[in-house]
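Structure at a glance
Read off the chains here:
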Amino acid sequence: MASVLSQLMGQWIDVQGLLIFLCVLLLVKHLRDVQSKNMPPGPFPLPIIGNLINIGFRDPLGSFQRIAERYGDVSTLYMGNQPCIMLTGYESFKEAFVEQADIFTDRPHFPVNDKLTKGKGLFMSNGHMWRQQRRFALATLKYFGVGKKTLENFILQECCCLCDSVQTEQGLPFDPQCLVTSAVANIISGLVFGHRFEYDDHQFHLMQKYVDDMLQLPISNWGRLYNQFPALMSLLPGQHQTAFAGMYKLQPLLQEEFRKHKEERDPSNPRDYIDCYLDEIEKCKDSEAEFTEENLMYCVVDLFGAGTETSSTTLRWALLFMVKYPDVQEKVQSEIDQVIGQTRQLQMDDRTNLPYTYAVIHEIQRFANIITFTPPRVANKDTTVRGQLIPKGVMVLPLLKTILQDKNEYSTPYEFNPAHFLDENGMFLKKDTFIPFSIGKRMCPGEQLARMELFLFFTSLMQRFTFLPLDGQTLSLKGSISVSSGPEPFQICAVPR
Ligand code: HEM
């Protein structure tokens, strides 16, 4: 018996010894791999899990910021075995996305995006196709009046609808999310579909939900798991399946819009983006530009999604900040009263005479900082930024938050303070480093539209209502981790002025 035991023990020690030896070997190999890549500095990654422990699940953004503070404007993190380079600070953004614009235009490939949009559309597409689709989208937005009076009047009509709906709440507590999102979605709907929807339209809400689920997936934990194990995850239930199903359910709704457009359109008089795109499908001889009905669908999803979520989230923050900082709300209202009064309809030109209101809108965007993760990029050849090597093909994650909270630019970066955008004479102070829409060739194509929306919606609401908290309520300023980081759901009262 004793000899059998000692034999088994001997074998066990052998197996144990072998395992330890293999682990040490793996660690040495991993160490050599990490060192040989000559990546920018960062916390040491463990084999297989990379820097998961450094990032954590609770506050990934806070962790990224701490890592950037420690290792500088260009640092490396490992997501599993994959390195990822974080860019922070205005100078590194400028050096990469403006000075080396042609090297940094592409987005990396992710299985989850391939599954959702097959690499088409505007947001995650690349190369010649992306360039042509983006050029066309920008030209069409311009054609339909972005920055011009026609679109301004269309937005002002929607401002009236929104204010009338807020009025029906009769000063009682309500959650502004649904009304604000629908009002903003109607602007991009007008440009893309040629019509608006009623705020209680069931199909409109379904469309918003499907698009929202799709947009949220890539940065959710489900999306991250799908990117790591696509084959396995496609067999398992979860939030990713809801988003994929949403995309399938959205298709017939959009195809119905395309069908109606084809029936009713007059090629000499296009009414909206879809009409122009259908025209381009017929005219374009460049097959690599991929002007197809399938691509139209993904472009519409991107425009509708990006054009709704971002501006409406900013406006919800705006209302929350006004309730939280009543002295700022009072100053905005008194400036509006002096310049426009309470009855005349405002216009874009009023902006120059409303420096405080304009500074408040900028501070809302800065402090809300809704694009916590700017969509990632990838370099198409080896290059350097701030003296650090960025190898071809490695994912580059730009962190806008650090730029909007730069201590050298803003006297109180972690406080809501409209004075950040005012000079000593109380006039609006423009800052080149204020880049909530990013910079370079891939910067937001909806910037001008979004600026119009934010000014007209915010000022209209301030002109007609005073927003108040509920009795005894403490409103949280904590943002969610999402494509655009919004406030937690909240209720407020809108008292007509
Ligand atoms: C407050 C509102 C908005 C903010 C803060 C915002 C911000 C951004 C940012 C930071 C990016 C990423 C740029 C990059 O990768 O460097 C982006 C991309 C994009 N945005 Fe916006 N955006 C807003 C509104 C809009 C609107 C109204 C539209 C609709 C036309 C829109 C359409 C897009 C599209 C299609 C992209 C992808 C562009 C590409 O990859 O080429 N955005 N936006």
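Since the model is a prediction, treat every value here as computed from it, not as a measurement.

1. Some thoughts on the overall build of the protein chain
Of the regular secondary structure elements, the protein chain holds 18 helices and eight strands. Its C-alpha atoms put the protein chain at 100 × 55 × 50 Å along the principal axes. In the protein chain, which comprises 497 residues, the share counted as buried stands at 40%. Contacts in the protein chain between residues at least 24 apart in sequence constitute 72% of all its contacts with a sequence separation of at least 6.

2. Here's the deal with helix 7 (residues 149-167)
Taking 1.5 Å of rise per residue, the 19 residues of helix 7 would be expected to cover 27 Å, and the 27 Å separating its terminal C-alpha atoms lies within 8% of that figure. Buried residues belonging to helix 7 abut helix 8 (177-192), helix 18 (447-464), strand 7 (465-468) and strand 8 (493-496).

3. Describing helix 3 (residues 60-71)
Over its 12 residues, helix 3 runs 16 Å from end to end, which matches the ideal 16 Å to within 8%, given 1.5 Å per residue. Positioned one or two residues after helix 3, glycine 72 has a phi angle of 105°, which is positive.

4. Observations regarding the packing of helix 8 against helix 14 (residues 293-324)
Contact pair helix 8 / helix 14: the axes reach a minimum separation of 8 Å and the direction vectors enclose 145°. In the crossing of helix 8 with helix 14, the sense of the turn from one axis to the other is right-handed. Only Val300, Leu303, Phe304, Gly307, Thr308, Ser311, Ser312, Leu315 and Arg316 of helix 14 make contact with helix 8, whose side of the interface consists of Gln177, Val180, Thr181, Val184, Ala185, Ile188 and Val192.

5. Some details on the sheet that holds strand 2 (residues 82-87)
Strand order in this open sheet of four strands is 1-2-6-3, and the pairing throughout is mixed. The open sheet has two edge strands, strand 1 (74-79) and strand 3 (377-378), and neither has a second partner. As defined by bridge partners, strand 3 adjoins strand 6 (residues 395-398) across two bridges and the pair is classed as antiparallel. Counted as the bridge partner of valine 378 is methionine 395 from strand 6. Those strands touched by helix 3 are strand 1 and strand 2, and its axis lies near 135° from that of strand 1.

6. Regarding the pairing of strand 1
The buried fraction of strand 1 is high, at five of six residues. As paired elements, strand 1 and strand 2 share six bridges and run antiparallel to each other. The residue of strand 2 that forms the bridge with serine 75 is methionine 86. What sits between strand 1 and strand 2 in their antiparallel hairpin is a turn of two residues, with glycine 80 showing a positive phi close to 65°.

7. Regarding the site of the ligand
Neighbouring the ligand are 25 residues, the closest being Gly307, Thr310, Ser438, Cys444 and Gly446. Secondary structure elements with two or more residues in the shell around the ligand: helix 14 and helix 18. In the shell around the ligand, the residues fall into 15 nonpolar, seven polar and three charged.

8. Some details on the environment of arginine 464
Structurally, arginine 464 can be placed in helix 18. In the structure, arginine 464 is positioned 95 residues away from asparagine 369 in sequence and 26 Å away in space, judged by C-alpha atoms. Each residue touching arginine 464, except ones within four places of it in the same chain, is listed here: Cys163, Pro496 and Arg497.

9. Brief notes about the nonpolar core
Counting 113 residues, the largest nonpolar core has Leu87, Val192, Val300, Leu303, Phe457 and Phe458 as the members making the most contacts within it. Per-element accounting of this core gives the leading share, 16 residues, to helix 14. Ignoring sequence-local partners within four residues, the contact set of phenylalanine 458 consists of Leu315, Ala318 and Ile361.

10. Section: the environment of alanine 494
Topologically, alanine 494 is positioned in strand 8. In this structure alanine 494 comes out as buried when scored by C-beta crowding, with 24 C-beta atoms within 10 Å. Sequence separation between alanine 494 and methionine 462 is 32 residues, and the spatial gap between their C-alpha atoms is 9.9 Å. Here alanine 494 is in contact with Val166, Glu169, Gly171, Phe465 and Phe467, once residues within four sequence places are set aside.

11. Notes on unusual backbone geometry
Even without being glycine, glutamine 170 reaches a positive phi, approximately 55°. Mapped onto the fold, glutamine 170 is located in the loop between helix 7 and helix 8. With 11 C-beta atoms packed within 10 Å, glutamine 170 lands in the exposed category. If you check the backbone angles, asparagine 369 has positive phi at about 50° while not being a glycine. One can find asparagine 369 in the loop between helix 16 (355-368) and strand 3.

12. Remarks on the packing of helix 9 (residues 202-216) against helix 14
Axes are the key here: two packed helices are described by the angle between their axes and the distance separating the axes. Contact geometry for helix 9 and helix 14: axes closest at 10 Å, N-to-C directions at 90°. The orientation of helix 9 with respect to helix 14, classified from their angle, is roughly perpendicular. Judged by residue contacts, Gln208, Val211, Asp212, Met214 and Leu215 of helix 9 engage Val301, Phe304, Gly305, Thr308 and Glu309 from helix 14.

13. A few points about the UniProt feature "binding site: heme" (unreviewed entry) in the protein chain
Summarizing the sequence annotation, UniProt attributes the feature "binding site: heme" (unreviewed entry) to Cys444 in the numbering used throughout. Its location among the elements puts cysteine 444 in the loop between helix 17 (400-404) and helix 18. With residues up to four places along the chain from it excluded, the contact list for cysteine 444 reads Phe437 and Ser438.

14. So, the pairing of strand 2
Burial of strand 2 is extensive: five of the six residues sit out of reach of the surface. Taken together, the four bridges between strand 2 and strand 6 define a ladder with parallel strand orientation. Paired with isoleucine 85 across the bridge in strand 6 is valine 396.

Reading the values: the criteria
- Residues numbered from 1 in each chain as written.
- Predicted model: local features only at pLDDT ≥ 70, side-chain atom pairs only at ≥ 80, totals over all residues.
- Helix = DSSP H or I, 4+ residues; strand = E, 2+ residues; numbered from the N terminus.
- Buried ≥ 20, exposed ≤ 12 C-beta atoms within 10 Å, placed from the backbone.
- Contact = placed C-beta atoms within 7 Å.
- Expected span 1.5 Å × (residues − 1).
- Axes fitted to C-alpha atoms, helices over the stretch in contact; angles between N-to-C directions.
- Left-handed = near helix turned anticlockwise from the far one by under 90°.
- Pairing = 2+ DSSP bridges.
- Near = placed C-beta within 6 Å.
- Nonpolar A, V, L, I, M, F, W, Y, C, P; charged D, E, K, R; others polar.
- Core = buried A, V, L, I, M, F, W, Y, C linked by C-beta atoms within 7 Å.
- Parallel < 35°, antiparallel > 145°, perpendicular 65-115°, else oblique.
- UniProt positions renumbered as here; feature names shortened; annotations may be inferred.

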